[in-house]
Amino acid sequence: MNAVVKSVEGEFRRYKGLAEAALDQLPEETLSSPGPSNGNSIATICWHMSGNLKSRFTEFLSSDGEKPWRQREEEFATRIVSRDELMNMWNTGWDVLLQTLGTLADEDLSRTVKIRAQELTVCEALHRSLAHAAYHVGQIVYVAHAARGDAWNYLSIAPGQTAAYNADPKLEKPPSHDPHRGHPALER
(Lines give C-alpha, C1' and ligand atoms only; values in the text may rest on other atoms or scores of the structure.)
Protein backbone atom coordinates (compact mmCIF):
# COMPACT_ATOMS: atom_id res chain seq x y z
CA MET A 1 0.00 0.00 0.00
CA ASN A 2 1.38 3.40 -0.98
CA ALA A 3 -1.12 5.61 0.81
CA VAL A 4 1.31 8.41 1.69
CA VAL A 5 3.02 8.59 -1.70
CA LYS A 6 -0.38 8.52 -3.45
CA SER A 7 -1.64 11.28 -1.14
CA VAL A 8 1.37 13.46 -1.97
CA GLU A 9 0.90 12.73 -5.67
CA GLY A 10 -2.76 13.69 -5.40
CA GLU A 11 -1.84 17.05 -3.87
CA PHE A 12 0.76 17.73 -6.56
CA ARG A 13 -1.85 16.95 -9.21
CA ARG A 14 -4.37 19.21 -7.48
CA TYR A 15 -1.96 22.16 -7.55
CA LYS A 16 -1.00 21.43 -11.15
CA GLY A 17 -4.70 21.51 -12.06
CA LEU A 18 -5.25 24.80 -10.23
CA ALA A 19 -2.37 26.45 -12.08
CA GLU A 20 -3.57 25.13 -15.42
CA ALA A 21 -7.10 26.36 -14.76
CA ALA A 22 -5.63 29.81 -14.11
CA LEU A 23 -3.43 29.65 -17.22
CA ASP A 24 -6.43 28.66 -19.34
CA GLN A 25 -8.12 31.96 -18.46
CA LEU A 26 -5.33 34.10 -19.87
CA PRO A 27 -4.70 35.34 -23.39
CA GLU A 28 -1.32 34.29 -24.73
CA GLU A 29 0.24 37.76 -24.54
CA THR A 30 -0.48 37.97 -20.80
CA LEU A 31 1.64 34.90 -20.05
CA SER A 32 4.86 36.90 -20.54
CA SER A 33 3.66 40.18 -19.00
CA PRO A 34 5.24 41.24 -15.69
CA GLY A 35 3.19 40.51 -12.60
CA PRO A 36 1.85 43.21 -10.25
CA SER A 37 4.50 45.73 -9.09
CA ASN A 38 6.73 44.54 -11.96
CA GLY A 39 6.96 41.07 -10.41
CA ASN A 40 7.69 37.79 -12.15
CA SER A 41 5.60 36.95 -15.18
CA ILE A 42 3.66 33.72 -15.27
CA ALA A 43 6.15 32.47 -17.88
CA THR A 44 9.00 33.11 -15.44
CA ILE A 45 7.24 31.30 -12.61
CA CYS A 46 6.45 28.33 -14.87
CA TRP A 47 10.05 28.20 -16.14
CA HIS A 48 11.34 28.21 -12.57
CA MET A 49 8.92 25.51 -11.43
CA SER A 50 9.81 23.30 -14.37
CA GLY A 51 13.54 23.72 -13.78
CA ASN A 52 13.12 22.97 -10.10
CA LEU A 53 11.02 19.85 -10.68
CA LYS A 54 13.38 18.51 -13.36
CA SER A 55 16.39 19.07 -11.13
CA ARG A 56 14.88 17.69 -7.95
CA PHE A 57 13.23 14.59 -9.42
CA THR A 58 15.70 13.45 -12.09
CA GLU A 59 17.55 10.53 -10.47
CA PHE A 60 15.72 11.49 -7.26
CA LEU A 61 16.99 8.67 -5.08
CA SER A 62 20.54 8.53 -6.41
CA SER A 63 21.84 12.07 -7.06
CA ASP A 64 21.71 15.49 -5.44
CA GLY A 65 18.48 17.32 -6.26
CA GLU A 66 20.39 20.41 -7.36
CA LYS A 67 21.83 19.16 -10.63
CA PRO A 68 25.01 20.71 -12.06
CA TRP A 69 23.21 21.19 -15.41
CA ARG A 70 20.46 23.33 -13.90
CA GLN A 71 20.68 27.02 -14.76
CA ARG A 72 18.47 28.46 -12.01
CA GLU A 73 19.31 32.11 -12.77
CA GLU A 74 18.21 31.64 -16.39
CA GLU A 75 14.80 30.44 -15.17
CA PHE A 76 14.18 34.00 -13.96
CA ALA A 77 15.17 35.70 -17.21
CA THR A 78 12.56 37.86 -18.90
CA ARG A 79 11.13 35.97 -21.85
CA ILE A 80 8.30 36.19 -24.32
CA VAL A 81 6.83 32.79 -25.03
CA SER A 82 3.87 31.30 -26.82
CA ARG A 83 1.30 29.26 -24.91
CA ASP A 84 2.65 26.11 -26.55
CA GLU A 85 6.23 26.89 -25.45
CA LEU A 86 5.05 27.63 -21.93
CA MET A 87 2.98 24.46 -21.67
CA ASN A 88 5.80 22.33 -23.12
CA MET A 89 8.23 23.68 -20.52
CA TRP A 90 5.65 23.37 -17.72
CA ASN A 91 4.80 19.77 -18.59
CA THR A 92 8.44 18.75 -18.92
CA GLY A 93 9.00 19.42 -15.22
CA TRP A 94 5.72 17.91 -14.09
CA ASP A 95 6.33 14.78 -16.20
CA VAL A 96 9.65 14.16 -14.43
CA LEU A 97 8.01 14.62 -11.03
CA LEU A 98 5.02 12.38 -11.77
CA GLN A 99 7.15 9.64 -13.34
CA THR A 100 9.37 9.61 -10.26
CA LEU A 101 6.42 9.58 -7.86
CA GLY A 102 5.13 6.55 -9.78
CA THR A 103 8.27 4.63 -8.84
CA LEU A 104 8.16 5.40 -5.11
CA ALA A 105 6.61 3.30 -2.38
CA ASP A 106 5.79 4.28 1.18
CA GLU A 107 8.77 2.15 2.22
CA ASP A 108 11.02 4.69 0.46
CA LEU A 109 9.88 7.58 2.66
CA SER A 110 12.56 6.99 5.29
CA ARG A 111 15.38 6.76 2.73
CA THR A 112 17.82 9.65 2.50
CA VAL A 113 18.23 12.00 -0.47
CA LYS A 114 20.27 15.16 -0.87
CA ILE A 115 19.34 18.64 -2.02
CA ARG A 116 22.28 21.04 -2.25
CA ALA A 117 24.29 18.54 -0.17
CA GLN A 118 21.73 18.70 2.66
CA GLU A 119 20.44 15.27 3.68
CA LEU A 120 16.66 14.89 3.88
CA THR A 121 14.40 11.91 4.14
CA VAL A 122 12.35 11.24 1.03
CA CYS A 123 9.31 12.26 3.08
CA GLU A 124 10.91 15.62 3.96
CA ALA A 125 12.02 16.20 0.36
CA LEU A 126 8.52 15.47 -0.97
CA HIS A 127 6.91 17.82 1.54
CA ARG A 128 9.48 20.51 0.77
CA SER A 129 8.81 20.20 -2.96
CA LEU A 130 5.04 20.15 -2.48
CA ALA A 131 5.21 23.34 -0.40
CA HIS A 132 7.41 24.95 -3.07
CA ALA A 133 4.92 24.01 -5.79
CA ALA A 134 1.97 25.29 -3.75
CA TYR A 135 3.77 28.59 -3.16
CA HIS A 136 4.39 29.17 -6.86
CA VAL A 137 0.96 27.93 -7.94
CA GLY A 138 -0.46 30.52 -5.55
CA GLN A 139 1.61 33.14 -7.35
CA ILE A 140 0.35 31.95 -10.74
CA VAL A 141 -3.26 32.15 -9.56
CA TYR A 142 -2.68 35.59 -8.01
CA VAL A 143 -1.02 37.02 -11.13
CA ALA A 144 -3.66 35.48 -13.40
CA HIS A 145 -6.48 36.85 -11.24
CA ALA A 146 -4.88 40.31 -11.25
CA ALA A 147 -4.56 40.17 -15.06
CA ARG A 148 -8.18 39.04 -15.59
CA GLY A 149 -9.76 41.40 -13.06
CA ASP A 150 -13.54 41.22 -13.13
CA ALA A 151 -13.45 38.56 -15.87
CA TRP A 152 -11.78 36.08 -13.47
CA ASN A 153 -13.54 32.73 -12.99
CA TYR A 154 -12.89 31.64 -9.41
CA LEU A 155 -11.16 28.31 -8.90
CA SER A 156 -12.65 27.77 -5.46
CA ILE A 157 -15.47 29.48 -3.57
CA ALA A 158 -16.37 32.75 -5.27
CA PRO A 159 -17.06 35.78 -3.07
CA GLY A 160 -20.61 35.64 -1.76
CA GLN A 161 -20.97 31.92 -2.47
CA THR A 162 -19.86 30.43 0.85
CA ALA A 163 -23.37 29.60 2.10
CA ALA A 164 -24.27 27.81 -1.15
CA TYR A 165 -20.98 25.95 -1.09
CA ASN A 166 -21.43 24.91 2.55
CA ALA A 167 -25.00 23.75 1.84
CA ASP A 168 -23.74 21.12 -0.60
CA PRO A 169 -21.67 18.65 1.47
CA LYS A 170 -20.52 16.64 -1.55
CA LEU A 171 -18.29 19.59 -2.50
CA GLU A 172 -16.26 19.01 0.66
CA LYS A 173 -15.25 15.44 -0.16
CA PRO A 174 -11.48 15.04 -0.17
CA PRO A 175 -10.07 14.74 -3.67
CA SER A 176 -9.73 11.26 -5.06
CA HIS A 177 -6.26 9.88 -5.45
CA ASP A 178 -7.14 8.83 -8.96
CA PRO A 179 -4.32 10.43 -10.98
CA HIS A 180 -6.77 11.32 -13.76
CA ARG A 181 -9.11 13.26 -11.50
CA GLY A 182 -8.54 16.93 -10.81
CA HIS A 183 -9.53 19.27 -8.04
CA PRO A 184 -13.27 19.11 -7.16
CA ALA A 185 -13.67 22.86 -7.66
CA LEU A 186 -12.37 22.50 -11.20
CA GLU A 187 -14.88 19.78 -12.07
CA ARG A 188 -17.94 21.97 -11.53
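Check the entry above for the structure.
Quantities reported herein were computed from a predicted structural model and do not represent experimental measurements.

Participant: So what exactly am I meant to see when it comes to the overall build of the protein here?
Facilitator: Each helix and strand in the protein was counted, giving 6 helices and 2 strands. Written out in order from the N terminus, the α and β elements of the protein read α-α-α-α-β-β-α-α. Burial analysis of the protein (188 residues in total) assigns 43% to the buried set. Long-range contacts, defined here as pairs at least 24 residues apart, represent 71% of the contacts in the protein between residues at least 6 apart. Only carbon and sulfur atoms are counted for the fraction: they give 51% of the accessible area of the protein, which is about 10,100 Å².

Participant: Explain helix H1 (residues 3-23) to me, please; I cannot follow it from the model alone.
Facilitator: Think of an α-helix as 3.6 residues a turn; residues three or four steps apart then line up on the same face. Under the 1.5 Å per step criterion, the end-to-end length of H1 is 30 Å for 21 residues, consistent within 8% with the ideal 30 Å. By the criterion of burial, H1 is predominantly enclosed, with 15 of the 21 residues buried.

Participant: Looking at this structure, I do not really get the pairing of strand E1 (residues 112-115). What am I missing?
Facilitator: Each regular strand shows side chains that alternate between the opposite faces of the sheet. Burial along E1 is one-sided: Val113 and Ile115 are buried, while Thr112 and Lys114, pointing the other way, are not. As consecutive antiparallel partners, E1 and strand E2 (residues 118-121) are separated by 2 residues, and within that stretch Arg116 has a phi angle of approximately 50°, a positive value.

Participant: Sorry if this is basic, but what is going on with the environment of Arg56 here?
Facilitator: Checked against the element boundaries, Arg56 lands in helix H2 (residues 42-57). Arg56 sits in the buried class, given a relative accessible area of 8%. Sequence-wise, Arg56 and Glu66 are 10 residues apart; in three dimensions their C-alpha atoms are separated by 6.2 Å. Sequence-distant contacts of Arg56, defined by excluding residues within four places in its chain, comprise Gly65, Glu66, Lys67, Arg70, Ile115 and Arg116.

Participant: How should the packing of H1 against helix H4 (residues 83-101) be read in this particular structure?
Facilitator: The description of two packed helices rests on the angle between their axes and on the distance between the axes. The interhelical angle for the contact between H1 and H4, taken along N-to-C directions, is 175°, at an axis separation of 11 Å. Comparing their axes, H4 and H1 come out roughly antiparallel. Contacts between H1 and H4 involve Val5, Glu9, Phe12, Arg13, Lys16, Ala19, Glu20 and Leu23 from the former and Arg83, Leu86, Met87, Trp90, Asn91, Trp94, Leu97, Leu98 and Leu101 from the latter. Across the contact of H1 with H4, the residue classes tally to 11 nonpolar, 1 polar and 5 charged.

Participant: What's the story with a negative patch on the surface in this structure? I'm lost.
Facilitator: A cluster of acidic side chains, namely Glu28, Glu29, Asp84 and Glu85, defines a negative patch on the protein surface. Position of Glu29 among the secondary structure elements: in the loop between H1 and H2.

Participant: Looking at this structure, how should I read the packing of H2 against H4?
Facilitator: It is the contact of H2 with H4, at a shortest axis distance of 8 Å, that shows an interaxial angle of 25°. Overall, the two elements H2 and H4 adopt an arrangement that is roughly parallel. For H2 against H4, the interelement crossing comes out left-handed. Only Glu85, Leu86, Met89, Trp90, Thr92, Gly93, Trp94, Val96, Leu97 and Thr100 of H4 make contact with H2, whose side of the interface consists of Ile42, Ala43, Cys46, Trp47, Met49, Ser50, Leu53, Lys54 and Phe57. Looking at side-chain class alone, the contact of H2 with H4 contains 13 nonpolar, 4 polar and 2 charged residues.

Rules of the game
Residues numbered from 1 in each chain as written. Predicted model: local features only at pLDDT ≥ 70, side-chain atom pairs only at ≥ 80, totals over all residues. Heavy atoms only, no water. Helix = DSSP H or I, 4+ residues; strand = E, 2+ residues; numbered from the N terminus. Buried < 20%, exposed > 50% of the residue type's maximum accessible area, 1.4 Å probe, protein only. Contact = heavy atoms within 4.5 Å. Areas by Shrake-Rupley, 256 points an atom, 1.4 Å probe, with all protein chains shown as cover. Expected span 1.5 Å × (residues − 1). Pairing = 2+ DSSP bridges. Axes fitted to C-alpha atoms, helices over the stretch in contact; angles between N-to-C directions. Parallel < 35°, antiparallel > 145°, perpendicular 65-115°, else oblique. Nonpolar A, V, L, I, M, F, W, Y, C, P; charged D, E, K, R; others polar. Patch = residues over 30% accessible without salt bridge, like charges linked within 9 Å, V, L, I, M, F, W, Y side chains within 5 Å. Salt bridge = Lys/Arg side-chain N within 4 Å of Asp/Glu carboxyl O. Lys, Arg positive; Asp, Glu negative; His and termini not counted. Charge placed at Lys NZ, Arg CZ, Asp CG, Glu CD. Left-handed = near helix turned anticlockwise from the far one by under 90°.

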